[in-house]
Amino acid sequence: MRVVRIQGPERLELDDAPEPTVATPTDAVVEVTRTAICGADLFPYHGLTPGFEAGTIPGHEWVGVVREVGDGVRGLRPGQRVVNASMISDGTCAHCRAARPMQCESRALFGYSGVYERLDGGQADLVRAPNADRSLWPIPDGVADDDAVFVADMLPTGLSAVRRGGVAVGDVVAVLGCGTVGLMAILLARRVARRVIAVDGIAARRELAAGLGADAVDPDSAPAAVADATGGLGADVVIESAGAKPALDAAFALARGRGTVCVVGAHFEPDYPLDAGRMFEAELTLRFAMGDPINDRELLLAMIAAGELRPAELISHRMSLDEAPRAYELFDRREATKVVLAP
Ligand SMILES: [Zn+2]
């Protein structure tokens, strides 16, 4: 079967690999129909992920059709359309029992070996899903693959940003970084907040954010836009969805006194210089949050099925698996907002 492998910094290869099989009774093997490239994939692509294992097949966002299930899989059968959860979890540890699957003691992210245990992802013709009853979920009829792929990670992350940021009715929310996760946060925050100010340096992304109902500005204009919307107080909630130091710096500056900064962009830097003086003086709350597809996928799929969310509108490029190297380049140069590969 065809697979994409990250071999080293900027070394993305198409390779031929043996087809995965059911290795333990709780596994399923899925024929991938859609798989997305995530901003988080750019960290190992640039060699910025500590301990990343060369040769890993990336891809933690995919949908497909179940080909085979192990004897221990109860809720799935061959032929079913499914979407994955970005992270696998065992369902039995103390974190899982307390409904915190993203903190599972045996968690692993598809396609992110090194940070977690080796687990190949979905940028391939076929993918093996361990703990399939948890790591996969059936896609309801009437939800297209292109929409469902957002439920693997991006939409749950947008929902985490809004919920864990504590966005309340009437809030002014600043979203820093209008990649897909930022756009998902805007999509959901707009349902609650009075105003959403979307900040990004790239005009095409600002346009997408504006299309979702945000006031879109470039980073230099953000302080004035937030001040203007809040009588100079600052944003009630700042969502940092860029996964970059400058955005994190800006987030603290844009939050109002006793406001919240919720970080959903991926960070790996161990040495961020937190301005404790500013944090204390302004009584800021800082939260980090990941998307939680296992807890939130049913809700989000129901919203898509009801026509309330149409995330596929934000796909900028549909390409074949064979075009993955070019797709990564386009995405890396920010020429593509969201790339979905169809094996
Ligand atoms: Zn667990």
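Everything discussed here concerns the structure shown above.
Residues numbered from 1 in each chain as written. Predicted model: local features only at pLDDT ≥ 70, side-chain atom pairs only at ≥ 80, totals over all residues. Heavy atoms only, no water.

A. Geometry of helix H5 (residues 154-164). Burial within H5 is extensive, with nine of its 11 residues counted as buried. Residues of H5 that are buried sit in contact with strand S3 (28-37), helix H6 (180-189), strand S13 (235-240), strand S14 (255-263) and helix H11 (293-305). Downstream of H5 by one or two residues, Gly-166 has phi in the positive range, about 70 degrees. (Buried < 20%, exposed > 50% of the residue type's maximum accessible area, 1.4 Å probe, protein only. Helix = DSSP H or I, 4+ residues; strand = E, 2+ residues; numbered from the N terminus. Contact = heavy atoms within 4.5 Å.)

B. The nonpolar core, seen in detail. Leu-155, Val-173, Ile-186, Val-196, Ile-239 and Leu-309 are the most contacted members of the largest nonpolar core, which has 46 residues in total. Counting residues per element, the ones that place at least two in this core are H5, strand S10 (172-176), H6, strand S11 (195-199), S13 and H11. If you count residues domain by domain, this core takes at least three from each of domain 1 (2-153 + 292-342) and domain 2 (155-288). In contact with Ile-239, not counting residues within four places along its chain, are Ala-161, Val-162, Val-173, Ala-174, Val-175, Leu-176, Ala-185, Cys-262 and Val-264. (Core = buried A, V, L, I, M, F, W, Y, C linked by side-chain atoms within 4.5 Å. Domains from an automatic or database assignment.)

C. Focus on the packing of H5 against H6. At a minimum axis distance of 8 Å, the contact between H5 and H6 shows a crossing angle of 55 degrees. Considering the angle they form, H5 stands oblique to H6. H6 is crossed by H5, and the crossing has right-handed handedness. For the pair H5 and H6, the contacting residues are Met-154, Leu-155, Thr-157, Gly-158, Leu-159, Ala-161 and Val-162 in the first and Thr-180, Val-181, Met-184, Ala-185, Leu-187, Leu-188 and Ala-189 in the second. In terms of residue class, the contact of H5 with H6 is made up of 11 nonpolar, three polar and no charged. (Axes fitted to C-alpha atoms, helices over the stretch in contact; angles between N-to-C directions. Parallel < 35°, antiparallel > 145°, perpendicular 65-115°, else oblique. Left-handed = near helix turned anticlockwise from the far one by under 90°. Nonpolar A, V, L, I, M, F, W, Y, C, P; charged D, E, K, R; others polar.)

D. Highlighting the environment of Gly-307. Tracing the backbone through its elements, the reader meets Gly-307 in the loop between H11 and strand S16 (317-320). Sequence-wise, Gly-307 and Asp-322 are 15 residues apart; in three dimensions their C-alpha atoms are separated by 32 Å.

E. Inspection of the pattern of salt bridges at higher detail. Applying the stated criterion across every chain yields a total of 22 salt bridges. Here Arg-67 ties to Glu-31 by a salt bridge, and the two come within 3.1 Å at their closest N and O atoms. Note that Arg-67 is positioned in strand S4 (residues 62-69) and Glu-31 in strand S3, a separation of 36 residues in sequence. Note on Arg-67: relative accessible area 35%, which makes it partly exposed. A relative accessible area of 33% places Glu-31 in the partly exposed class. Note that Asp-215 is salt-bridged to Arg-195, the shortest N-O span being 2.9 Å. Placement of Asp-215 in strand S12 (residues 215-217) and of Arg-195 in strand S11 is noted, with a sequence separation of 20 residues between them. (Salt bridge = Lys/Arg side-chain N within 4 Å of Asp/Glu carboxyl O.)

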